[in-house]
Amino acid sequence: MCGIVGIIGQKAVATDIVDALRRLEYRGYDSAGIATVESGRLERRRAEGKLRNLEGRLLQEPLTGHTGIGHTRWATHGRPTERNAHPHMNAQVSVVHNGIIENYRELKADLTAKGYVFESDTDTEAIVHVITDELSRNDDPQEAVKNALARLQGAFALAIIFSGHDDLIMAARQGSPLAIGHGSGEMYLGSDAIALAPFTDAITYLDEGDWAVLRATGVEIFDRNGRRAD
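What you see is a predicted model; the values in this text were computed from it and never measured. The numbering scheme is per chain: residues are counted from 1 as the chain's sequence reads. Residue-level local features of this predicted model are given only where pLDDT is at least 70; pairs of side-chain atoms are given and counted only at 80 or more, and the full residue set underlies all totals for whole chains, interfaces and linings. Side-chain numbers come from the whole structure's heavy atoms, not from hydrogens or water.

## Considering the packing of aromatic side chains
Only Phe, Tyr and Trp rings are paired, with Trp represented by its six-membered ring, and only when their centres lie within 6.5 Å; those with planes under 30 degrees apart are stacked, over 60 edge-to-face, the remainder tilted. The tally for this structure, following the rule as stated, stands at two aromatic pairs. Aromatic side chains Y188 and F199 sit 4.9 Å apart centroid to centroid with 5 degrees between the ring planes, which places their arrangement in the stacked category. Taken together, the positions of Y188 in strand β10 (residues 187–190) and F199 in the loop between β10 and β11 (203–205) put the pair 11 residues apart, joining distant regions of the chain. On the basis of relative accessibility, which here comes to 6%, the residue Y188 falls in the buried class. Buried means the residue's accessible area, taken with a 1.4 Å probe over protein chains only, is under 20% of the maximum for its type, while exposed means over 50%, and partly exposed covers the values in between. Given the relative accessible area of 23%, F199 is considered partly exposed. Secondary structure counts use DSSP, requiring at least four H or I residues in a row for a helix and at least two E residues in a row for a strand, with both numbered from the N terminus.

## Comments concerning helix α4 (residues 124–135)
A rise of 1.5 Å per residue sets the reference length of α4, with its 12 residues, at 16 Å; its end C-alpha atoms lie 17 Å apart and thus fit the reference within 8%. In terms of burial, α4 is a largely internal element, 12 of the 12 residues being buried. Along α4, the residues that are buried comprise T124, E125, A126, I127, V128, H129, V130, I131, T132, D133, E134 and L135. For this analysis, residues touch if any pair of their heavy atoms sits within 4.5 Å. In the core, the buried residues of α4 are packed alongside β5 (88–89), β6 (93–101), α3 (104–113), α5 (141–149) and β7 (154–162). The span one expects for a helix is its residue count, reduced by one, times 1.5 Å.

## Things to note about the nonpolar core
Nonpolar side chains in soluble globular proteins tend to end up buried together. Grouped together as the largest cluster of nonpolar side chains are 29 residues, with contacts concentrated most on I131, L158, I160 and F162. Elements supplying a minimum of two residues to this core: β6, α3, α4, α5, β7, β8 (165–174) and β12 (211–215). Per-element accounting of this core gives the leading share, six residues, to α4. Aside from chain neighbours lying at most four places away, what touches I131 is V93, V95, A144, V145, A148, I160 and F162. We call a set of buried residues a nonpolar core when its members are Ala, Val, Leu, Ile, Met, Phe, Trp, Tyr or Cys and they connect through side-chain atoms within 4.5 Å of each other. Residues A157, A171, I180 and A212 belong to the second largest nonpolar core, which totals 22 residues.

## Overview of the packing of α4 against α5
Between α4 and α5, the least distance of the axes is 8 Å, while the angle of their chain directions is 125 degrees. If you check the angle between α4 and α5, you find them oblique. As for the relative orientation of α4 and α5, their crossing is right-handed in sense. Residues V130, I131, E134 and L135 of α4 pack against P141, A144, V145, N147 and A148 of α5. Basically, the charged four are Asp, Glu, Lys and Arg, the nonpolar ten are Ala, Val, Leu, Ile, Met, Phe, Trp, Tyr, Cys and Pro, and anything else, Gly included, counts as polar. For the contact of α4 with α5, the per-class residue count stands at seven nonpolar, one polar and one charged. Note on geometry: axes are lines fitted to C-alpha atoms, helical ones only across the stretch in contact, with angles between N-to-C directions running from 0 to 180 degrees. We call two directions roughly parallel when the angle between them is under 35 degrees, roughly antiparallel when it is over 145, roughly perpendicular when it lies between 65 and 115, and oblique otherwise. A crossing counts as left-handed when the near helix is turned anticlockwise from the far one by less than a right angle, and as right-handed when that turn is clockwise.

Here it is as structure tokens:
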């Protein structure tokens, strides 16, 4: 079972993301990766194998962004290679994903016909391009994700960051758990509250079908119909 971590912080978050992913190692994994927003651009580091390999990449090529997402992957679609490791991304959107997108073949065929290029063998990459496709119609990340979720079939927990938005992580849950951690001027996201324990003990769990907008000042949670959740 894969692990997800997201942090909006007041300093570089890459080290904290790796530490949080380490607390999820009990789930098993065969690759790992991190993406952050670096001066408005999305940057990514990935590695096959254990987290120490990812740490080695980060020592050689540091990430300094204050907003980021990370993932430990257990291969389902595609071999356990760096090419298939999360996060998956393009210039606009980066996504980490637990679960299975059941209609990814149909999505991939439709998106390929529109000119989107796939670089991995995963179902997750379809999510990146679906969100990007929605952004082409509505440049608001919140609306784009809301509309993209309606196009996905299957089980998923998602964490999403965007170029040009260094104070934003979006999250969604359908069939796979996600926990949101509340800090002081910081926010956290994890597939398991254990990952967030050193940062905060104030945790909110997303209900089935919920999606959320995290910023440094707090979180807004919506149900599957777009209504603000209590």
